[in-house]
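# Summary of structural features
One-letter residues, chain by chain:
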Amino acid sequence: MPELVVTALLAPSRLSLKLLRAFMWSLVFSAALVAAAVYGCIAFTHVLCRPRRGCCGRPRSAPPACVSDPTLGEHCFLTLKSSGLRLHYVSAGRGNGPLMLFLHGFPENWFSWRYQLWEFQSRFHVVAVDLRGYGPSDAPRDVDCYTMDLLMTDIQDIILGLGYSRCILVAHDWGALIAWNFSIYYPSLVERMVIVSAAPMSVYQDYSIHHIGQFFRSNYIFLFQLPWLPEKLLSMSDFQILKTTLTHRKRGIPHLTPNELEAFLYDFSQPGGLTGPLNYYRNLFRNFPLEPQELATPTLLLWGEKDTYFEQGLVGAISSRFVPGRLEAHILPGVGHWIPQSNPGEMHEYMWAFLQDLLD
């Protein structure tokens, strides 16, 4: 068929897609302005209630001692083959078994996996990485440096760069979004997956369209689409919004100590420390609309019944996309979003059972 005819036949579909994307972006930025007004009020309220802290975050001069605990593992750096970026990671148990690679969420870093590093280093080579843009890892400034394709390539380079051909991928929140995609496009590199509190983006997209309440739970993602303003609001009153997120009595991480809180805030308090992590969110809508994808990697999915950010119905939506027999899902009663830190014992019990046949 002549190229001109093909172009003419595809023109209506291309126009419809452009109009759909334009409509989507108008909704996203309208929601972003509303979210900015709401979070702006919250941030300024924090400043008024704690005037001595001022309008800026206080840069920390040194990380807390807890991140240097030698029982967690050795601090290392790996230069990625594809991008040349240098990523920080903590490693323990090399030679004890298969690679277990941990991917953190926001607003966290490698330290969010401290309980799992202690638990699994006796039978696995455990590695908790600081993703690009976080902590001591390299942090490109450009938004285009945080696309899903580049993030997946980072994970490929980490696995191969550590000398492995496969891994057990354990991921939470934003790390889990990367892991879902990675298991689809690089299935040969993932032997098993443990996913905590996150759905694949295509599932999240379709579910949210039919369940408007999910948009309200994830309202912060609209704020994060804006340039520079989110960084300013999150840092006001010495990062009080982040402190509240992590320590809130009902929505935060139970029993988080002041030193453990500082393990997260230290990185974000450094110059430009928030821009890299927020650039992940600024790429969320880049490929809208997403096509449904079949999920086939053997996966353990853990979900908190009281998760503030994601509705429980997403578990059923995820299950519907799986090849039968490949998903083991558990909803933990009374548990929130931060399962690796709030309920490590339950998580470990499910993980040992899920991975037992690999160790026999």
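Chains are numbered independently. Their residues run from 1 in the order of the written sequence. pLDDT decides what is reported in this predicted model: residues at 70 or higher carry local features, side-chain atom pairs at 80 or more are listed and counted, and totals for whole chains, interfaces and linings draw on all residues regardless. Water and hydrogen atoms were dropped before computing side-chain values, which therefore reflect all heavy atoms in the structure.

Turning next to the sheet that holds strand β3 (residues 99-103). Within the open sheet, the eight strands sit side by side as β1-β2-β4-β3-β5-β6-β7-β8. Their pairing is mixed. A strand with exactly one partner marks an edge of an open sheet, and here the two such strands are β1 (74-79) and β8 (327-332). Across the sheet, the mean angle from the axis of one strand to that of its neighbour is 20°, orientation sign disregarded. Any two strands between which DSSP finds at least two bridges are classified as paired. Put simply, DSSP H or I for four residues or longer makes a helix, DSSP E for two residues or longer makes a strand, and each gets a number counted from the N terminus. Of the strand pairs in this sheet, β3 and strand β5 (residues 167-172) are connected by four bridges, and their pairing is parallel. The partner of L103 across the bridge, within β5, is A171. In what follows, residue pairs with any heavy atoms lying within 4.5 Å of each other are defined as contacts. A fitted line through C-alpha atoms serves as each axis, taken over the contacting stretch for helices, and the angle formed by two N-to-C directions is quoted from 0 to 180°. On the sheet, helix α3 (residues 148-161) packs against β1, β2 (86-92), β3, β4 (125-129) and β5 and is oriented at approximately 150° with respect to β3.

UniProt's entry tags residues 98-339 with the feature "domain: AB hydrolase-1" (unreviewed entry), counted in the numbering of this structure. When the span residues 98-339 is considered, its composition is 41% helix and 14% strand, and the gap between its end C-alpha atoms is 23 Å. UniProt positions are given in the numbering used here, feature names are shortened, and annotations may be inferred rather than shown by experiment.

To continue, consider the pairing of β3. The side chains of a regular strand alternate between the sheet's two faces. The buried count for β3 comes to five of five residues, which makes it a mostly enclosed element. With strands facing away from the observer, any crossover in which the path from the first strand over the helix to the second runs clockwise is taken as right-handed. Between the parallel pair β3 and β4, the chain is carried across by helix α2 (residues 114-120), and the sense of this crossover is right-handed. Using a 1.4 Å probe on the protein chains alone, a residue whose accessible area is under 20% of its type maximum counts as buried, one over 50% counts as exposed, and one in between counts as partly exposed.

Here we come to the UniProt feature "transmembrane region" (unreviewed entry) in the protein. Using the residue numbers shown here, the UniProt feature "transmembrane region" (unreviewed entry) corresponds to residues 26-49. Across residues 26-49, the secondary structure splits into 100% helix and 0% strand, with the terminal C-alpha atoms separated by 35 Å.

Right, let's talk about the pairing of β8 for a bit. Relative to β8, strand β7 (residues 299-304) runs parallel, the two sharing six bridges. Note on β8: the bridge partner recorded for L302 is H330.

So, about the packing of aromatic side chains. A ring pair, where both rings are aromatic, is described by two values, the distance of the centres and the angle of the planes. In this analysis, rings of Phe, Tyr and Trp, with Trp reduced to its six-membered ring, are considered paired at centre separations within 6.5 Å, and the interplanar angle assigns stacked below 30 degrees, edge-to-face beyond 60, and tilted for intermediate values. In this structure the tally under the stated criterion is 26 aromatic pairs. On the basis of an interplanar angle of 65° and a centroid distance of 6.3 Å, the ring pair of Y134 and F268 is categorised as edge-to-face. In this pair, Y134 sits in the loop between β4 and α3 while F268 sits in helix α9 (residues 258-269), placing the two residues 134 residues apart along the sequence. Of the residues examined, Y134 reaches a relative accessible area of 2% and is grouped as buried. With a relative accessible area of 3%, F268 lands in the buried category. Through successive ring pairs, a cluster of aromatic residues spans F106, Y134, Y146, W174, Y220, F224, F268, Y280, Y281, Y309 and W338.

Turning next to the packing of α3 against helix α4 (residues 174-185). Each packed pair of helices is defined by two parameters, the angle between the axes and the distance between the axes. Their axes nearest at 9 Å, the elements α3 and α4 cross at an angle of 80°. With respect to α4, the element α3 is oriented roughly perpendicular. In contact with M148, L151, M152, I155, Q156 and I159 of α3, α4 contributes W174, L177, I178, N181, F182 and Y185. For this classification, Asp, Glu, Lys and Arg are treated as charged, while Ala, Val, Leu, Ile, Met, Phe, Trp, Tyr, Cys and Pro are nonpolar and the rest, including Gly, are polar. Partitioned by chemical class, the residues of the contact of α3 with α4 number 10 nonpolar, two polar and no charged. Comment on the angle field: the value is read as roughly parallel under 35 degrees, roughly antiparallel over 145, roughly perpendicular from 65 to 115, and oblique elsewhere.

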